[in-house]
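# Chains, contacts and geometry: an overview
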Amino acid sequence: MERLTVLLALMALDAGGAETHVVSLAKQLKKRGVEVIVASHGGKLTKALETSGIKHYTLPLDRKSPLNLIYSVNGLANIVKEHEVNVIHAHARIPAWVSQWVSFMTGCPYITTSHGIYSTGWGMGLITTWGRKVIAVSEDVKKHLINGFKVNPDKIFVIPNGIDLEQFNPKIDSSQVERQLGLMHEDLKIVYVSRLMGARGEIALRLIEALPKIEKTFPNIKLIVVGEGDKYESIARMAAEYNSKTSENNVVVTGARLDTPLIMNMADVAVGVGRVALEAMAMEKPVIIAGEAGFMGILNPDNFEIAKKHNFSGRGSDMRTDADNIAKSIKELLSDIELRKKLGAFGRQKVARYFSIETMTDEVLNVYHQVIEEGKNELNR
């Protein structure tokens, strides 16, 4: 078989679920002998690509002004021609819209991945395109594509984001990071990793609100909040106010970091959604699902299937995401070390079974080959 060349296009490469997924996918594809090229506005994760020998092109794929769109279309088309790209794989709406025009200009087919439930509003509808095939990261995302965007079900593949179980290995040593953040090994630690924007930033504020309720029973509790976004300043301010009333820093706000496995490995309880929940499960940590879409509480064998169906987002639950519910779930986990161990082992087992990066890459490659084969058949007609 001739060498496969794939262009992955996304908005930017700052720390986030879709971005981390693209980096993991790019590395796995390269391991399989695929020539991988990535285009985005750039960001903190570009170094991870370059370290792996993966070429990155900087284009304004995060901006939808006419001039930037034209610049991106021309830039992506030049990449496709220069590298003789076989398929473009877009990971957000603007890159997908750009890829549509590049496909029209060059004949190179494109596919998209839908990483979540997107707005179907009139304005966004104008720049929403899907390509020959669409990858949905969960069953409810597939349903939304069919009902909200009228995408043909036959062209949708449900492929969850994959986790690298070698990278997310619970045997790694986090002691250096603990010392760096001023934490003691014996502290009980709640870890929240997220983009601190909108409703996800609000979760961090609810966690700080929940701390007094938790601290009464567990005085050595620490909250570590990792991420950046428009809510960062208000979170840091609330953390500083909370810490000023105590003799030590009980809330540590780190900003964005790229050493998620080391941070997650410190957790006694992890709070998060989507990819973060899966990464915590891979690290054998008990997980509380709390995000902008809803609050599911402690992830366990009873609610795993519904959580999986909704991409561990909290959708499908009618519980309120408030400080009381958060505190109750955290206290339940902290009071039972055996339960934490049991849920941690359960989580890693499920990630290994359903969400390994190797399985996901196999399935994505299958989609690429289908798209390329269809294109060849059309040319031969």
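I will try to describe carefully the structure that is included in this document. (Residues numbered from 1 in each chain as written. Predicted model: local features only at pLDDT ≥ 70, side-chain atom pairs only at ≥ 80, totals over all residues. Heavy atoms only, no water.)

## Some words on the sheet that holds strand β9 (residues 221-226)
- One open sheet accounts for 6 strands, arranged β10-β9-β8-β11-β12-β13; its pairing is mixed. Two strands lie at the open edges of the sheet, namely β10 (251-255) and β13 (294-298), each paired on one side alone. With strand direction ignored, the average angle separating the axes of adjacent strands in the sheet is 15°.
- As paired elements, strand β11 (residues 269-272) and strand β12 (residues 287-291) share 3 bridges and run parallel to each other. Looking across to β12, one finds that G272 is bridged to I289. (Pairing = 2+ DSSP bridges. Helix = DSSP H or I, 4+ residues; strand = E, 2+ residues; numbered from the N terminus. Axes fitted to C-alpha atoms, helices over the stretch in contact; angles between N-to-C directions.)

## A look at the sheet that holds strand β6 (residues 134-136)
- Ordered in space as β3-β2-β1-β4-β5-β6-β7, the 7 strands form an open sheet in which the pairing is parallel. On the outer flanks of this sheet lie β3 (55-58) and β7 (156-158), each paired with one strand and no other. On average, each strand axis in the sheet is tilted by 20° relative to the strand beside it, whichever way the strands run.
- By the bridge criterion, 3 bridges tie strand β5 (residues 110-114) to β6 in an arrangement that is parallel. Its bridge partner lying in β6, T112 is registered against V134.

## Re the pattern of salt bridges
- A full pass over the atoms with the stated rule returns 18 salt bridges.
- In this structure, D324 engages K213 in a salt bridge whose closest nitrogen and oxygen atoms are separated by 3.5 Å. Here D324 is found in helix α13 (residues 323-334), whereas its partner K213 is found in helix α8 (residues 198-215), with 111 residues between them in sequence.
- Here R320 ties to D322 by a salt bridge, and the two come within 3.9 Å at their closest N and O atoms.
- You can call R320 exposed: its relative accessible area is 61%.
- By relative accessible area, which is 18% here, D322 ends up buried. (Salt bridge = Lys/Arg side-chain N within 4 Å of Asp/Glu carboxyl O. Buried < 20%, exposed > 50% of the residue type's maximum accessible area, 1.4 Å probe, protein only.)

## What to know about the environment of G227
- Locating G227 in the fold gives a position in the loop between β9 and α9 (232-244).
- When its relative accessible area of 8% is taken as the criterion, G227 is described as buried.
- In contact with G227, other than residues within four places in its own chain, are S194, L196, Y232, T254, G255 and A256. (Contact = heavy atoms within 4.5 Å.)

## Remarks on a nonpolar patch on the surface
- Taken together, the side chains of W101, F104 and M105 make up a nonpolar region of the molecular surface, amounting to roughly 370 Å² of accessible area.
- Within the secondary structure, W101 sits in helix α4 (residues 93-106).
- Overall, the relative accessible area of 39% leaves W101 in the partly exposed class. (Patch = residues over 30% accessible without salt bridge, like charges linked within 9 Å, V, L, I, M, F, W, Y side chains within 5 Å. Areas by Shrake-Rupley, 256 points an atom, 1.4 Å probe, with all protein chains shown as cover.)

## Overview of the layout of surface pockets
- Estimated volume of the second largest pocket: approximately 370 Å³.
- N265, M266, A267, D268 and K285 are, among the 19 residues lining the second largest pocket, the residues nearest its centre.
- Where the lining of the second largest pocket is concerned, the elements lending two or more residues are α7 (175-180) and α14 (337-354).
- Among the elements that make up the lining of the second largest pocket, the one with the highest residue count is α14 (3 residues). (1 Å grid on protein atoms, 1.4 Å probe; cavity = no way out; pocket = protein on both sides within 12 Å on 5 of 7 lines; lining within 4 Å. Points joined across faces, edges and corners; volume = space filled by probe spheres on them.)

## With respect to the packing of α13 against α14
- α14 packs onto α13 with a crossing angle of 100° between their chain directions and a minimal axis gap of 6 Å. Accordingly, the angle class assigned to the pair α13 and α14 is roughly perpendicular. Residues E332, L333 and L334 of α13 lie in contact with α14, whose contacting residues are I337, L339, R340 and L343.
- Across the contact of α13 with α14, the residue classes break down as 5 nonpolar, no polar and 2 charged. (Parallel < 35°, antiparallel > 145°, perpendicular 65-115°, else oblique. Nonpolar A, V, L, I, M, F, W, Y, C, P; charged D, E, K, R; others polar.)

## Details of α13
- The end-to-end C-alpha distance of α13 is 16 Å, a good match for the 16 Å that 12 residues give at a rise of 1.5 Å each.
- Among all positions of α13, only A323, I326, A327, S329, I330, L333 and L334 are buried. Buried residues of α13 fall within an arc of 165° about the axis and therefore sit on the same side. (Expected span 1.5 Å × (residues − 1). Arc of directions from axis to C-beta.)

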